[in-house]
Amino acid sequence: MKVVLLAGGFGTRISEETSIRPKPMVEIGGRPILWHIMRWYASHGYKDFVVCCGYKSEFIRNYFLNYRNSLSDFTINLQSGDTTFHDTEAEDWNVTVVDTGLNTMTGGRIKAVQQFIGNEPFMLTYGDGVSNVDIHALVEAHKTSGAAATLTAVAQVGRFGGLSLDTSGQVRSFREKAAQDGAVINGGFFVCEPTVFDYIDGPDTIWERDPLERLVADGKLNAFRHEGFWQPMDTLRDKNYLEGIWAEGNAPWAPKA
């Protein structure tokens, strides 16, 4: 199952960093937050990624094109260009990088990579939030539900879209913004059937609005409750918070050896 990463937004709330690079490339502990997310999926055996780029896409392209070079000793023949790599620390991931457009909305970005996913279930998340969600349990919950899509529901006050769930985990309503009441919200980390592409009209479609609302109306959106760590990186304060956790040496989103 492939993992689709939404990494094309402007990241305006953390402009101190994103004036230079796209938000998924902002570093935590010397590595882009995008890498941290991918590493968590890979620790569960999911190593085939599709990265949806947009704003400053060249940073993401160059990062993966030069990834092996930056982590390996090598011998190069300067005349022929023949290169032999030694003792590489590069992970055995497959990464497809797709420029999905500068101003494309989240739903449009998902639709733009349909050809790289095919007619198979896939996972989907945002390229700016880390978690220790149990990916195996998430996938199993999705399969059991029979839903077209399962999102990870987390507890967070404030500025995100609130959810109303029934006792079986099916989503009954979807609010664009939650009241500051500790509502359960959309934390990303989706599992989707290929039928979700039918809910996306085009580049201007915002995944979190019409597609999710229509899935709710059709009774096809399930929620997997995650009670553990989840943290988006929307502001410089969030970035510094994650840096502090990483520096302590026990980041919840870091796979255990």
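In the block above lies the structure referred to throughout.
Considerations on helix 9 (residues 236-247)
Side chains three or four residues apart in an α-helix point the same way, a direct result of the helix having 3.6 residues per turn.
Inference 1: Look at helix 9: 16 Å from first C-alpha to last across twelve residues, which is about the 16 Å you get at 1.5 Å a residue.
Inference 2: Inspection of helix 9 places Asp238, Lys239, Leu242 and Ile245 among the buried residues, and these make up the whole buried set. Seen end-on, helix 9 carries its buried residues on one side only, within an arc spanning 125°. Turned more than 90 degrees from where helix 9 packs its buried face, Arg237 and Ala247 sit exposed.
Inference 3: Its buried side turned inward, helix 9 meets helix 1 (15-18), strand 2 (27-28), helix 2 (33-43), strand 9 (129-131) and strand 16 (230-232).

Examining the pairing of strand 6 (residues 83-86)
Inference 1: With four bridges connecting them, strand 5 (residues 73-76) and strand 6 associate as antiparallel partners. Residue Asp73 lies in a different strand from strand 6, and its bridge partner there is His86.
Inference 2: Between the end of strand 5 and the start of strand 6, which pair antiparallel, lie six residues, with Gly81 showing a positive phi angle near 85°.

Things to note about a nonpolar patch on the surface
Inference 1: A surface patch of nonpolar side chains, amounting to about 340 Å² of accessible area, comprises Phe74, Ile76 and Leu78.
Inference 2: The residue Phe74 is located in strand 5 in this model.

With respect to the side chain of Ser131
Inference 1: When you line up the elements, Ser131 lands in strand 9.
Inference 2: Of note is the side chain of Ser131, whose polar atom sits 3.1 Å from the backbone nitrogen of Val133.
Inference 3: A polar contact of 3.2 Å, which involves the side chain of Ser131, links it to the side chain of His226.
Inference 4: Ignoring sequence-local partners within four residues, the contact set of Ser131 consists of Trp40, Phe189, His226, Phe229, Trp230 and Trp253.

Side note on the pattern of salt bridges
Inference 1: Under the criterion given, the structure shown has nine salt bridges.
Inference 2: Ionic pairing is found between Arg21 and Glu17, a salt bridge with its closest N-O pair at 2.8 Å.
Inference 3: Put simply, Asp234 and Lys23 hold a salt bridge, and the shortest N to O gap is 3.2 Å. Of this pair, Asp234 sits in the loop between strand 16 and helix 9 while Lys23 sits in the loop between helix 1 and strand 2; the two residues are 211 residues apart in sequence, bridging distant segments of the chain. Residue Asp234 shares its accessibility class with Lys23, and that shared class is buried.
Inference 4: Salt bridges here are not isolated pairs; linked through shared partners, they connect Arg13, Lys23, Asp128 and Asp234.

Quick word on unusual backbone geometry
Inference 1: Positive phi, normally seen in glycine, also occurs at Lys56, with a value near 50°.
Inference 2: Looking at the secondary structure, you find Lys56 in the loop between strand 4 (48-53) and helix 3 (57-65).
Inference 3: Positive phi is not limited to glycine here, since Asp87 has a value of about 50°.

Calculation rules
- Residues numbered from 1 in each chain as written.
- Predicted model: local features only at pLDDT ≥ 70, side-chain atom pairs only at ≥ 80, totals over all residues.
- Heavy atoms only, no water.
- Helix = DSSP H or I, 4+ residues; strand = E, 2+ residues; numbered from the N terminus.
- Expected span 1.5 Å × (residues − 1).
- Buried < 20%, exposed > 50% of the residue type's maximum accessible area, 1.4 Å probe, protein only.
- Arc of directions from axis to C-beta.
- Contact = heavy atoms within 4.5 Å.
- Pairing = 2+ DSSP bridges.
- Patch = residues over 30% accessible without salt bridge, like charges linked within 9 Å, V, L, I, M, F, W, Y side chains within 5 Å.
- Areas by Shrake-Rupley, 256 points an atom, 1.4 Å probe, with all protein chains shown as cover.
- Salt bridge = Lys/Arg side-chain N within 4 Å of Asp/Glu carboxyl O.
- Polar contact = N/O pair within 3.5 Å; in protein donor to acceptor, adjacent residues only side chain to side chain.

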